[in-house]
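The residues making up each chain are set out below.
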Amino acid sequence: MAIIADEKWLPSDSIILEKNADVAIRQKRNVLVVAGPGAGKTELLAQKANYLFETDNCKEPYRILAISFKKDAAKNLKERVEQRCGKETACRFDSMTYDAFAKNLLDHFRLALPQELRPKQDYIVEDKDILKAAFEQYNNHNTRYYDAIISSVSLPFAKDEVGERIWKLLLHGFDDHTSMLTFKMISMLAEYIIRTNIMIRNGLQETYKYVFLDEFQDTTTLQYELVKRCFLSSKAIITAVGDNKQRIMVWAGARKTVFVDFQNDFNAIKYKLIMNHRSAPRLVDLQRKMYSVLNESDGQVQHSAKWREDDGIINLIISENSESEALTITNSIIKKIETGISPTQICILCKQKPQDFTQIIIDYLGQKGIYARIENDYQDLIKEPIIEIILSILSLTCNRKHPDDWQVLVSSIIELWNISGTQSDDEYFNVQNQIDDELLRIKQQFSLVTTKSEFYEVLKKIVSFLKFDCIKAVFPEYSQGKYLNDVLNRFAKLFWDELEKTSIDLNMSIEQFKGLHSIPIMTIHKSKGLEYDTVFFVGLEDAAFWNFKNQPEEDRCAFFVALSRAKSEVSFSFCKNRNHKTQKHNDINEFFDLLQEPRIANIITPP
Ligand SMILES: Nc1ncnc2c1ncn2[C@@H]1O[C@H](COP(=O)(O)OP(=O)(O)OP(=O)(O)O)[C@@H](O)[C@H]1O
């Protein structure tokens, strides 16, 4: 890659950065970028990676570490950097979740832990049954407090309290159980490793010259402590991006003071962005109205110039019952699709339990030949590296001429089987031939599949061709316990569902599984960081916001996140009688008041 002089560097993909974004990208010290939805915070991180690599500010062999909350967010960021800088340079961009970061540290440096704190090498992660069994040994049956008890322990052990005793059981195994760690325990052990081993800490700081923290508002105290332990007072330059108004993880321990703490601890300079590149002007107006409700100053937010001033539609649908709600939403979706909007650009959101709120809508859409599905199970699976490889194999058995799939498969196999670039061309062609032969065998075997168990046999063949042990060895996330089996089983089940629905049309099943033709349904939590042309929020009701009285701020943020996923249209739906139960909106009247203000929402009251 040719090196570009600092002053000549320009953002890629014709992106024009607002001034503060450009300054934050070029800044040579720790920065905190705070900005509303659609301001381009994630885009800023991707551009900053390009800038650092293209200008050689991040010289070889230094690397960039990017930490996100969700696997798909981490993968998307990596893909953007790969597209722009090429795979070779982007291999110095390590994009992972907090959980993966902590687990990598533990797995690499497990032996640096004293015996008392050292889990077995084959420890299992997040197994609820083992957790329960450990607590029950101490007659503790209230699962609600398990997390708090685990987190209350300080390392190293000093007190011999119940929490410590439970940790010991989980660390070393008990009865027939092997070691089991929750992600919180992994984070605490990783923090302990860094705290007590200067060499390891120095090594980490020597590796990462730059660190990116996405969705910083949701960082928990444990995660923040780990970042601090790793990078405080180091030469690593940290860029954190976030939005207070989207803090919807307080229930999971998000640290409310994290922005101020970061500014103080890391002497970070704060930049505000004011653009909203995503939403149409009328939607931005509604978001702006919510700023004061969310205790955020700043009505300065601006919409992009690509819109006309009166663009954007907001609806409040008030239905008598679930059937009339489903009919209204289905008809509205049909109209959207008729105007050329892809189903994948239409999203249905719920505060919780999407199954309970959307099953009738799924059925009605299905009757019209429109496929909608609850994404929560699919989203994470699709981003699993092993599933990406299996899908590429299945796809190549349908059509050998899929260059992207071929690329994924060959590069994965080279990595899995540890065939380095120094091997001879002969060896490389040999591998290609082996892949070709195997694809043919799988194709033949698949052509005879009529039952679930026969399909499972095909999958087993694929995994044995890839070599189970190599998969475990190459991908750190699969190295321990049952996780790889768990991923494969979940995939087998969901993919067989698609095969059944398409009468075993493999090509169609792959497309359906990837969600290329379906309307995604998900919780607000899963929708973070995503965007759609049209959003339907189903269940603007007290029952969905059942804890509003105790956590009004977090629920307001949830409403705000739902609203801000939409580019051009958003509908909120209240149903007077949902699933034979009368619904109210007394507790969340403020949302109704807001939507019913003059010139905000069209009120739709189907019969
Ligand atoms: N400078 C820019 N010019 C034009 N479009 C942009 C720019 N920055 C980002 N975008 C586009 O705007 C949309 C929102 O960007 P992005 O997802 O990075 O925002 P965000 O601040 O992370 O949003 P959120 O907090 O809501 O998840 C994306 O479609 C992105 O491609």
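Going by an unreviewed UniProt entry, the chain carries the name DNA 3'-5' helicase and comes from Ruminococcus bicirculans.

Moving on to the overall build of the chain. Secondary structure assignment for the chain yields 26 helices and 18 strands. C-alpha atoms of the chain, sized along the principal axes, occupy 65 × 65 × 65 Å. The buried share among the 607 residues of the chain stands at 40%.

On to helix H12 (residues 258–265). Where H12 is concerned, the buried positions are Val258, Phe259 and Phe262. Buried residues of H12, viewed axially, fall in a sector of 105°; they line one side. Within H12, the exposed residues directed more than 90 degrees away from the buried face are Val260 and Asn264. Next to the buried residues of H12 lie strand E1 (31–35), helix H11 (221–231) and strand E7 (237–242). Once H12 finishes, Asn267 follows within two positions and takes phi at roughly 50°, a positive value.

So, about the sheet that holds E1. The sheet built from 6 strands is open, its strands ordered E3-E2-E6-E7-E1-E8 with parallel pairing. Of all strands in the sheet, those with a lone pairing partner are strand E3 (93–97) and strand E8 (269–273), marking the two edges. Taken over all neighbouring pairs, the strand axes of this sheet differ in orientation by 15° on average, direction set aside. Pairing of E1 with E8 involves 5 bridges; the strand directions are parallel. In the strand pairing of E8, Val33 is matched with Tyr271. Each of strand E2 (63–68) and E3 is contacted by helix H3 (residues 71–85), which is oriented at about 165° to E3, the strand it contacts most.

Now for the site of the ligand. Close to the ligand lie 18 residues, the nearest being Pro37, Gly40, Lys41, Glu43 and His277. Broken down by element, the residue count for the shell around the ligand peaks at 3 residues, all from helix H2 (residues 41–54). For the shell around the ligand, the per-class residue count stands at 6 nonpolar, 7 polar and 5 charged.

Per-residue confidence for the chain gives a mean pLDDT of 93; residues scoring 70 or more make up 99%. In the predicted complex, the global pTM is 0.90; the interface-specific ipTM is 0.98.

What follows concerns the environment of Leu365. By the element assignment, Leu365 lies in helix H15 (residues 354–367). Residue classification places Leu365 among the buried positions, given that 23 C-beta atoms sit within 10 Å. Between the alpha carbons of Leu365 and Asn547 there is a distance of 31 Å; along the sequence they are 182 residues apart. Ignoring sequence-local partners within four residues, the contact set of Leu365 consists of Thr330, Ile333, Ile370, Ala372 and Ile519.

So, on to the nonpolar core. Grouped burial of nonpolar side chains is what soluble globular proteins tend to show. Of all hydrophobic cores here, the largest spans 85 residues; its most connected members are Val33, Ile64, Leu170, Leu189, Ala190, Tyr210 and Val211. Core analysis: the next-biggest nonpolar cluster, separate from the first, contains 53 residues, Ile317, Ile361, Ile524 and Val535 among them.

Below, the discussion takes up the UniProt feature "binding site: ATP" (unreviewed entry) in the chain. What UniProt calls "binding site: ATP" (unreviewed entry) maps, in this numbering, to Ala35, Gly36, Pro37, Gly38, Ala39, Gly40, Lys41 and Thr42. Structurally, Lys41 can be placed in helix H2. Judged by local crowding, Lys41 falls into the buried class, with 24 C-beta atoms found within 10 Å. The residue Thr42 is located in helix H2 in this model. We classify Thr42 as partly exposed; it has 19 C-beta atoms within 10 Å. Setting aside chain neighbours within four positions, we find Thr42 in contact with Leu77, Asp214 and Gly529.

Running from N to C, helix H1 (residues 19–26) and H2 point in directions that differ by 45°, and their axes come no closer than 9 Å. Classified by the angle their axes make, H1 and H2 are oblique. When the axes of H1 and H2 are compared, the crossing they make is right-handed. Residues Ala21, Ala24, Ile25 and Arg26 of H1 form the contact with H2, whose participating residues are Leu44, Gln47, Lys48 and Tyr51. Classifying every residue of the contact of H1 with H2 by side-chain character gives 5 nonpolar, 1 polar and 2 charged.

Remark: helix H17 (residues 385–398) packs on helix H22 (residues 483–501), axes separated minimally by 10 Å, with the N-to-C direction vectors making an angle of 45°. If you check the angle between H17 and H22, you find them oblique. H17 and H22 meet at a crossing whose hand is right-handed. Across from Ile386, Ile387 and Ile390 in H17, the residues of H22 making contact are Leu484, Val487 and Phe491. A breakdown of the residues in the contact of H17 with H22 according to their chemical character gives 6 nonpolar, no polar and no charged.

Bringing helix H9 (residues 183–196) into the picture now. Taking 1.5 Å per residue, 14 residues should reach 20 Å; H9 reaches 20 Å between its end C-alpha atoms and fits that length. When we look at burial in H9, the residues that qualify are Met185, Ile186, Ser187, Met188, Leu189, Ala190, Glu191, Tyr192, Ile193 and Ile194. Contact partners of the buried residues in H9: helix H5 (98–109), helix H7 (146–151), helix H8 (162–172), strand E5 (180–181), helix H10 (198–207) and H11.

The subject of this paragraph is the environment of Glu191. Its location among the elements puts Glu191 in helix H9. Non-local contacts of Glu191, meaning those with residues more than four positions away in its chain, are made with Glu225, Leu226 and Arg229.

What follows covers the environment of Ile504. Note that Ile504 resides in the loop between H22 and helix H23 (506–513). Judged by C-beta crowding, with 17 C-beta atoms within 10 Å, Ile504 ranks as partly exposed. Taking the C-alpha atoms as reference points, Ile504 and Ser187, 317 residues apart in sequence, are found 43 Å from one another. Those residues within four positions of Ile504 in sequence are excluded, and the remaining contacts are Val449 and Leu499.

Once that is clear, we can look at the pairing of strand E11 (residues 313–321). Two elements, E11 and strand E16 (residues 566–578), share 8 bridges in a ladder whose sense is parallel. Within the sheet, the bridge partner assigned to Asn321 lies in E16 and is Asn577. Sheet topology note: the E11/strand E18 (residues 602–604) ladder contains 3 bridges and is parallel. Looking at the pairing, Ile317 lines up with Ile604 of E18.

So, on to unusual backbone geometry. The amide bond that connects Glu60 to the next residue, Pro61, takes the cis arrangement and shows omega of 5°. Counting through the fold element by element, Pro61 comes out in the loop between H2 and E2. Note that the residue after Leu155, namely Pro156, is joined by a cis bond; omega there is 0°. Position of Pro156 relative to the elements: it lies in the loop between H7 and H8. For Asp13, which is not glycine, the phi torsion reads 60° and is therefore positive. Residue placement: Asp13 occurs in the segment before H1. Judged by the 11 C-beta atoms lying within 10 Å of it, Asp13 is exposed. Here the phi dihedral of Asn579 falls at roughly 45°; this positive angle occurs in a residue that is not glycine.

The rules behind the values
- Residues numbered from 1 in each chain as written.
- Predicted model: local features only at pLDDT ≥ 70, side-chain atom pairs only at ≥ 80, totals over all residues.
- Helix = DSSP H or I, 4+ residues; strand = E, 2+ residues; numbered from the N terminus.
- Buried ≥ 20, exposed ≤ 12 C-beta atoms within 10 Å, placed from the backbone.
- Arc of directions from axis to C-beta.
- Contact = placed C-beta atoms within 7 Å.
- Pairing = 2+ DSSP bridges.
- Axes fitted to C-alpha atoms, helices over the stretch in contact; angles between N-to-C directions.
- Near = placed C-beta within 6 Å.
- Nonpolar A, V, L, I, M, F, W, Y, C, P; charged D, E, K, R; others polar.
- pLDDT = per-residue confidence, 0-100.
- Core = buried A, V, L, I, M, F, W, Y, C linked by C-beta atoms within 7 Å.
- UniProt positions renumbered as here; feature names shortened; annotations may be inferred.
- Parallel < 35°, antiparallel > 145°, perpendicular 65-115°, else oblique.
- Left-handed = near helix turned anticlockwise from the far one by under 90°.
- Expected span 1.5 Å × (residues − 1).

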